[in-house]
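# Notes for the structure review
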Amino acid sequence: MLHKEDTVLVLIDIQGKLARIVDNSEFVIQNISNVVQGAKVLNLPILWLEQYPKGLGPTVEEIAELLTDQKPIEKITFSAYDTPEFVEQLEATGRKKVLLAGVETHICVYQTAAQLLSNGYEVEVLADCVSSRTALSKEVGLEKMKQLGAKLTTVEMALFEMQQIAKGDEFKAISKIIK
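Residues numbered from 1 in each chain as written. Predicted model: local features only at pLDDT ≥ 70, side-chain atom pairs only at ≥ 80, totals over all residues. Heavy atoms only, no water.

Where an unreviewed UniProt entry is consulted, the protein appears under the name Nicotinamidase-related amidase, with the organism given as Ureibacillus acetophenoni.

See the structure below:
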């Protein structure tokens, strides 16, 4: 199970036109917004990546406006794990469970998950927070990650799993985000 004390949220390349043209884009962007808000309620570290922002553009406004207290990690590699700054920041969290969200499922999310798993991290992919240009590419990306040992979850499932108890201010805040 996920525990808020040992989990980190990783956001991958939710940028520009690509984020707007992936399958079910508005649904995915809204869910990523919800998980970012929930992660903040639970005090999870958030690592935020952008793939070649000069070419792909910045992170979509709905997500970027929730992360004004930090800067994205710029990358040119498909796997975030091939970017030293990402690995340094991930190791600095001291956490070994990684929640993944972003685009595209079958490229950057998949390659990041594969390398995280091979480097001793537990990976849970937020299935309602990832997408690709086609539904088939998303489906195949998720299947390959599962074959490698990643688990699938959803925003609601992950947040309530880490909350663990149906009372208190955190529970109320998460319930409001989910509704």
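Per the secondary structure count, the protein includes nine helices and six strands. Its C-alpha atoms put the protein at 45 × 30 × 30 Å along the principal axes. When burial is assessed residue by residue, the protein has 51% of its 179 residues classed as buried. Once local pairs closer than 6 in sequence are excluded, the contacts in the protein between residues at least 24 apart make up 79%. Seen as two clouds, the 19 positive and the 25 negative side-chain charges of the protein have centres 2 Å apart. (Helix = DSSP H or I, 4+ residues; strand = E, 2+ residues; numbered from the N terminus. Buried < 20%, exposed > 50% of the residue type's maximum accessible area, 1.4 Å probe, protein only. Contact = heavy atoms within 4.5 Å. Lys, Arg positive; Asp, Glu negative; His and termini not counted. Charge placed at Lys NZ, Arg CZ, Asp CG, Glu CD.)

Mapped onto the elements, glutamate 74 comes out in strand 3 (residues 73–75). For the pair glutamate 74 and phenylalanine 86, spaced 12 residues apart in sequence, the C-alpha to C-alpha distance is 8.8 Å. Among residues more than four places away in sequence, those in contact with glutamate 74 are Glu50, Pro53 and Thr83.

The next subject is helix 6 (residues 105–118). Taking 1.5 Å of rise per residue, 14 residues should cover 20 Å, and helix 6 covers 18 Å from first to last C-alpha, within 8% of that figure. Every buried residue belonging to helix 6 is among Thr105, Cys108, Val109, Tyr110, Thr112, Ala113, Leu116 and Leu117, and all of these are buried. (Expected span 1.5 Å × (residues − 1).)

On the UniProt side, "domain: Isochorismatase-like" (unreviewed entry) is annotated at positions that read residues 7–156 here. Annotated as residues 7–156, this span is 47% helix and 23% strand, and its ends, taken at the C-alpha atoms, are 15 Å apart. (UniProt positions renumbered as here; feature names shortened; annotations may be inferred.)

Next up on the list: the side chain of asparagine 34. Within the secondary structure, asparagine 34 is located in helix 2 (residues 25–41). Not counting residues within four places of it along the chain, the set of residues in contact with asparagine 34 comprises Val155, Leu159 and Ile177.

Before going further, it helps to examine the nonpolar core. Counting residues in hydrophobic clusters, the biggest one holds 28 residues, and the most contacted among them are Leu9, Leu11, Ile32, Ile63 and Leu126. Broken down by secondary-structure element, the contributors of at least two residues to this core are strand 1 (7–12), helix 2, strand 2 (46–51), helix 4 (61–64), strand 4 (97–103), strand 5 (122–131) and helix 8 (155–163). The dominant element in this core, judged by the number of residues it contributes, is helix 2, at six residues. Among the nonpolar cores identified, the runner-up in size contains 27 residues, and Leu117, Tyr121, Val125 and Ala127 belong to it. (Core = buried A, V, L, I, M, F, W, Y, C linked by side-chain atoms within 4.5 Å.)

Take unusual backbone geometry next. The amide bond that connects valine 103 to the next residue, glutamate 104, takes the cis arrangement and shows omega of -15°. With respect to the element layout, glutamate 104 can be found in the loop between strand 4 and helix 6. For aspartate 13, which is not a glycine, the phi torsion comes out positive at approximately 55°. Residue placement: aspartate 13 occurs in the loop between strand 1 and helix 1 (16–21). Even without glycine at this site, glutamine 164 takes up a positive phi of about 70°.

The strand order 3-2-1-4-5-6 describes an open sheet built from six strands, whose pairing is parallel. The sheet is open, and its two borders are formed by strand 3 and strand 6 (151–153), each paired with just one other strand. Across the sheet, the mean angle from the axis of one strand to that of its neighbour is 25°, orientation sign disregarded. Bridging between strand 2 and strand 3 involves three bridges; their strand directions are parallel. What sits directly across from glutamate 50, in strand 3, is glutamate 74. Sheet strands touched by helix 2: strand 1, strand 2, strand 4 and strand 5. Its angle to strand 5, the strand with the most contacts, is close to 135°. On top of the sheet, helix 6 reaches strand 1, strand 2, strand 3, strand 4 and strand 5; it is set at about 165° to strand 4, its chief contact. (Pairing = 2+ DSSP bridges. Axes fitted to C-alpha atoms, helices over the stretch in contact; angles between N-to-C directions.)

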